[in-house]
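Close look at the chain arrangement
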Amino acid sequence: MQEKILIVEDEPSLRETLAYNLNRQGYLVEVAADGQAALAQVKNFNPDLIVLDIMLPLLDGFEVTRILRQEKSTPILILTARDDEIDRVIGLEMGADDYLTKPFGMREFLARVKALLRRVRLDRDEMETTQSEDKEILSSQDLSVDTTRHEVMFAGKVLRLKPKEYELLLFLVRNKGKVLSRDLILERVWGWDFSGGSRTVDVHVRWLREKIEVNPATPSRIVTVRGGGYRFDG
Ligand code: CA
């Protein structure tokens, strides 16, 4: 089946170039030139991937992502013009799956698109496998992770975790007692093609600590190993 990609970019020449190249790769492509049109197109076209510029008329890429994420998990490849926008993307954990800073090469762009779509397919397959397996609950002291329901209980309460926080916690718990480098965590939790860098890991670890540590400032569960990375101690 042909995969569908929506390109949201207000600069006509870039929009057309991207559309042309994706078309040539065999994708079904639609375009939108502003944030409001993008939201309407997502409803009608139901794309498998959204390529989204940040600086857009009417609604910017931040707003579009925020609104989309309320009901959809369609992967989003963000296009930014400035590095400080990337900081905001990560800082807000706005739900983008990857990003490229302009100007970028067409080969790089196509590689990112391909990798993202492949990752979505793998996730989907994995989810089907998980659902057919028996219920698995990993626990450590007063913390437990129900991998069937994607639910985390801490001190008798269900925690509300963002998707990446959940995946990170699961990876840590499954590797209890092992030192995990930031690079390894990035690769396993975010995917080898993720370009966000290791600060993404640090930010998520901080968020997790706030949720599962008795005293987040002096963590005893997710400990920092100097020069090594992180270790889940239970
Ligand atoms: Ca723009």
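Conventions we followed
- Residues numbered from 1 in each chain as written.
- Predicted model: local features only at pLDDT ≥ 70, side-chain atom pairs only at ≥ 80, totals over all residues.
- Heavy atoms only, no water.
- Helix = DSSP H or I, 4+ residues; strand = E, 2+ residues; numbered from the N terminus.
- Buried < 20%, exposed > 50% of the residue type's maximum accessible area, 1.4 Å probe, protein only.
- Contact = heavy atoms within 4.5 Å.
- Areas by Shrake-Rupley, 256 points an atom, 1.4 Å probe, with all protein chains shown as cover.
- Donors = N, O, S within 2.8 Å, 3.2 Å for Na, K, Ca; no water.
- Pairing = 2+ DSSP bridges.
- Axes fitted to C-alpha atoms, helices over the stretch in contact; angles between N-to-C directions.
- Arc of directions from axis to C-beta.
- Polar contact = N/O pair within 3.5 Å; in protein donor to acceptor, adjacent residues only side chain to side chain.
- Core = buried A, V, L, I, M, F, W, Y, C linked by side-chain atoms within 4.5 Å.
- Lys, Arg positive; Asp, Glu negative; His and termini not counted.
- Salt bridge = Lys/Arg side-chain N within 4 Å of Asp/Glu carboxyl O.

Description of the overall build of the chain
On a plain count of helices and strands, the chain comes out with 8 helices and 12 strands. The buried share of the chain, reckoned over its 234 residues, is 46%. Partitioning the contacts of the chain with sequence separation of at least 6, the portion at a separation of at least 24 is 56%. As presented, the chain carries roughly 12,600 Å² of accessible surface, and 49% of it is formed by carbon and sulfur atoms.

What to know about the coordination of the calcium ion
Coordination of the calcium ion by the protein involves Asp-10 (OD), Asp-53 (OD) and Met-55 (O), with metal-donor separations of 2.1 to 2.4 Å. Here the donor residues of the calcium ion are spaced in sequence according to D-x42-D-x1-M. You can see Asp-10 sitting in the loop between strand E1 (4–8) and helix H1 (12–24) and its partner Met-55 sitting in the loop between strand E3 (49–53) and helix H3 (61–69), a full 45 residues away along the chain. Using a relative accessible area of 31% as the deciding quantity, one classes Asp-10 as partly exposed. On the accessibility criterion, Met-55 (49% relative accessible area) is partly exposed.

A short note on the sheet that holds strand E8 (residues 151–154)
Pairing between the strands of a sheet comes from backbone hydrogen bonds, and it takes one of two forms, parallel or antiparallel. Strand order across the open sheet formed by 4 strands is E6-E7-E8-E9, with antiparallel pairing between neighbours. This sheet does not close on itself; its edge strands, each paired only once, are strand E6 (137–140) and strand E9 (157–159). Averaged over all adjacent pairs, the angle separating strand axes in this sheet is 25°, with direction ignored. With respect to the sheet, helix H6 (residues 163–174) is in contact with E6, strand E7 (143–146) and E8, its orientation differing from that of E7 by roughly 110°.

Remarks on unusual backbone geometry
With an omega of -5°, the peptide bond running from Lys-102 to Pro-103 counts as cis. If you trace the backbone, Pro-103 turns up in the loop between strand E5 (98–101) and helix H5 (106–132). Phi is positive for Asn-46, which is not a glycine, with a value near 50°. Locating Asn-46 in the fold gives a position in the loop between helix H2 (35–45) and E3. With a phi angle near 50°, Ala-155 is a residue other than glycine that sits in the positive phi range. Along the chain, the position of Ala-155 falls in the loop between E8 and E9.

Things to note about H3
Here H3 has its buried residues at Gly-61, Phe-62, Val-64, Thr-65 and Leu-68. Projected onto a plane normal to the axis of H3, the buried residues spread over an arc of 165° and lie on a single side. In this structure Asp-60 caps H3, since a side-chain oxygen of it lies 3.1 Å from the backbone nitrogen of Phe-62.

Examining the nonpolar core
Ranked by internal contacts, the top residues of the largest apolar core, which has 26 residues, are Val-145, Val-152, Leu-169, Ile-185 and Ile-222. Only E7, E8, H6, helix H7 (182–190), helix H8 (199–212) and strand E12 (229–232) provide two or more residues apiece to this core. When residues in this core are grouped by element, the largest group, 7 residues, is from H6. Not counting residues within four places of it along the chain, the set of residues in contact with Val-152 comprises Leu-143, Ser-144, Val-145, Lys-157, Val-158, Leu-159, Leu-161, Tyr-166 and Leu-169.

Section: the side chain of Glu-213
Residue placement: Glu-213 occurs in the loop between H8 and strand E11 (222–225). The side chain of Glu-213 is buried and forms no salt bridge, while Arg-209, the nearest opposite charge, is found at 4.7 Å. Of the polar contacts made by the side chain of Glu-213, one reaches the backbone nitrogen of Ile-222; its length is 2.8 Å. In contact with Glu-213, not counting residues within four places along its chain, are Leu-208, Pro-219, Ser-220, Arg-221 and Ile-222.

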